[in-house]
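What follows is the residue order along each chain.
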Amino acid sequence: MDRQLLEPSQMDGKLTYRYDSIGGLVAVLPARCKLGRHALGHSQFRAVVQDGEARISCLACAADDSDHAWRLATTAPAPSQAELSEERYFELALRRPQAALPPTAVQHA
């Protein structure tokens, strides 16, 4: 049995921030789900900041009991603005162990 399906994940890294043109703090969230299956959009994820942690859940992945939520440590109160970024979390995604792909059927001619 896959242990990833049974145990909650550890922290994946730190939430990053930037300042907008008027000095307001903006949270920068991952643009892809933790499993790399989906691009996150306004209706495809939920982000909650609580107790020093941001949890970004892919709603499409949440139904299959997988470890679908990014867990990012926060260093500031939850800002009123957020944006998605492909680049900021790319290295964290590369470090994640890749799930084995199912064997493909071999077709013989």
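For the structure itself, consult the block above.
Residues numbered from 1 in each chain as written. Predicted model: local features only at pLDDT ≥ 70, side-chain atom pairs only at ≥ 80, totals over all residues. Heavy atoms only, no water.

For the rest of this paragraph, the subject is the sheet that holds strand 7 (residues 81–85). Read from one edge of the open sheet, 3 strands run 2-3-7, paired in mixed fashion. In this open sheet, the two strands that pair with only one neighbour each are strand 2 (16–19) and strand 7. If you compare each strand with its neighbour and ignore which way they point, the axes differ by 35 degrees on average. One ladder, built from 4 bridges, connects strand 2 with strand 3 (residues 25–30); its direction is antiparallel. In the sheet register, T16 faces strand 3, and the bridge partner there is V28. (Pairing = 2+ DSSP bridges. Helix = DSSP H or I, 4+ residues; strand = E, 2+ residues; numbered from the N terminus. Axes fitted to C-alpha atoms, helices over the stretch in contact; angles between N-to-C directions.)

Now for the environment of H68. With respect to the element layout, H68 can be found in the loop between strand 5 (53–58) and strand 6 (69–73). Taking the C-alpha atoms as reference, H68 lies 7.1 Å from C33; in sequence the two are 35 residues apart.

Side chains bearing opposite charge may pair, as long as their charged atoms lie close to each other. One pass over the structure, following the stated rule, counts 4 salt bridges. Between E83 and R18 there is a salt bridge, with its nearest N and O atoms 2.9 Å apart. On the criterion of sequence distance, the pair formed by E83 in strand 7 and R18 in strand 2 is long-range, its members being 65 residues apart. For R18, a relative accessible area of 30% puts it in the partly exposed group. Between E53 and R71 there is a salt bridge, with the nearest N and O atoms lying 2.7 Å from each other. Taken together, the residues E53 in strand 5 and R71 in strand 6 connect sequence positions 18 residues apart. (Salt bridge = Lys/Arg side-chain N within 4 Å of Asp/Glu carboxyl O. Buried < 20%, exposed > 50% of the residue type's maximum accessible area, 1.4 Å probe, protein only.)

Here the structure, examined in full by the defined rule, presents 1 aromatic pair. With centroids separated by 6.2 Å and ring planes inclined at 50 degrees, the aromatic side chains of W70 and Y89 adopt a geometry described as tilted. With W70 in strand 6 and Y89 in the loop between strand 7 and helix 1 (90–95), this residue pair connects regions lying 19 residues apart in the sequence. (Phe/Tyr/Trp six-rings, centres within 6.5 Å; stacked < 30°, edge-to-face > 60°.)

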